[in-house]
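So the chains spell out like this:
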Amino acid sequence: ETGVTQSPTHLIKTRGQQVTLRCSSQSGHNTVSWYQQALGQGPQFIFQYYREEENGRGNFPPRFSGLQFPNYSSELNVNALELDDSALYLCASSSTIGRGSTDTQYFGPGTRLTVL
Amino acid sequence: GESVGLHLPTLSVQEGDNSIINCAYSNSASDYFIWYKQESGKGPQFIIDIRSNMDKRQGQRVTVLLNKTVKHLSLQIAATQPGDSAVYFCADGTGYALNFGKGTSLLVTP
């Protein structure tokens, strides 16, 4: 176990709705990254939060947004859900010394989102 | 964009044999490489990582080899056990993001 927790475990939404996923980072970690994993694929980087600010973003539209809180936990929000948003959403925590550094990322169990 | 890929999508080995999972990357600027194991219904589990200033690193029953000349990464698992059956992902890092390949499914048979 990594100590990274995510909630909820599973979620079913309909197209057009909005969803919020939550992640608690491992103790001592100050950075949270979010990934989307479609079935049979590797995880795809969405964005990373460090010191409550977005530290980098992958090729995802603005309807994917996030927050990081002072306790380093994080939320991923997705608006106007589309069928293709159905995936496993993973968060990973790491301990970053400074912006631009790559550190070992430890993943949580994920949230399985199904969009109908 | 550049991406990390895997040579073999499926690998079947007998219990007790050594396993080798290969990975090719294309981004010459990558300075960090990592292997994860993912079991069904779970998040990726960290196995081992290596930075670009090294060409080999060993862990418990695992070794990662990095060949920057040909942009190749491999994971060696010694004395493979049934519990090693999973999907293995390599990823490269440049700054903050990890770029994952599609994964290799390792099946360990008794």
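Small disclaimer: the values here were computed from a predicted structure and weren't measured. (Residues numbered from 1 in each chain as written. Chains lettered and ligands numbered in written order. Predicted model: local features only at pLDDT ≥ 70, side-chain atom pairs only at ≥ 80, totals over all residues. Heavy atoms only, no water.)

1. Side note on the state of the cysteines
Residues and elements named next belong to chain A. If you walk through the whole model with that rule in mind, you get two disulfides over all chains. Linked covalently through their sulfurs, Cys23 and Cys91 form a disulfide whose S-S length is 1.8 Å. Disulfide Cys23 to Cys91: torsion about the S-S bond roughly 55 degrees, handedness right-handed. With a gap of 68 residues between them, Cys23 in strand β3 (residues 19-24) and Cys91 in strand β9 (residues 87-94) connect regions that are remote in the sequence. (Disulfide = S-S within 2.5 Å. Helix = DSSP H or I, 4+ residues; strand = E, 2+ residues; numbered from the N terminus.)

2. Let's talk about the sheet that holds strand β7 (residues 64-68) of chain A
Residues and elements named next belong to chain A. Reading across the sheet, the four strands line up as β1-β3-β8-β7 and stay open at both edges, with antiparallel pairing between neighbours. Either end of the sheet is taken by a strand with one partner, and the two such strands are β1 (5-7) and β7. Within this sheet the neighbouring strands show an average axis-to-axis angle of 20 degrees, counted without direction. Sheet analysis places β7 next to strand β8 (residues 74-78), joined by five bridges and oriented antiparallel. Each bridged residue has a counterpart across the sheet, and for Ser65 the counterpart in β8 is Asn77. (Pairing = 2+ DSSP bridges. Axes fitted to C-alpha atoms, helices over the stretch in contact; angles between N-to-C directions.)

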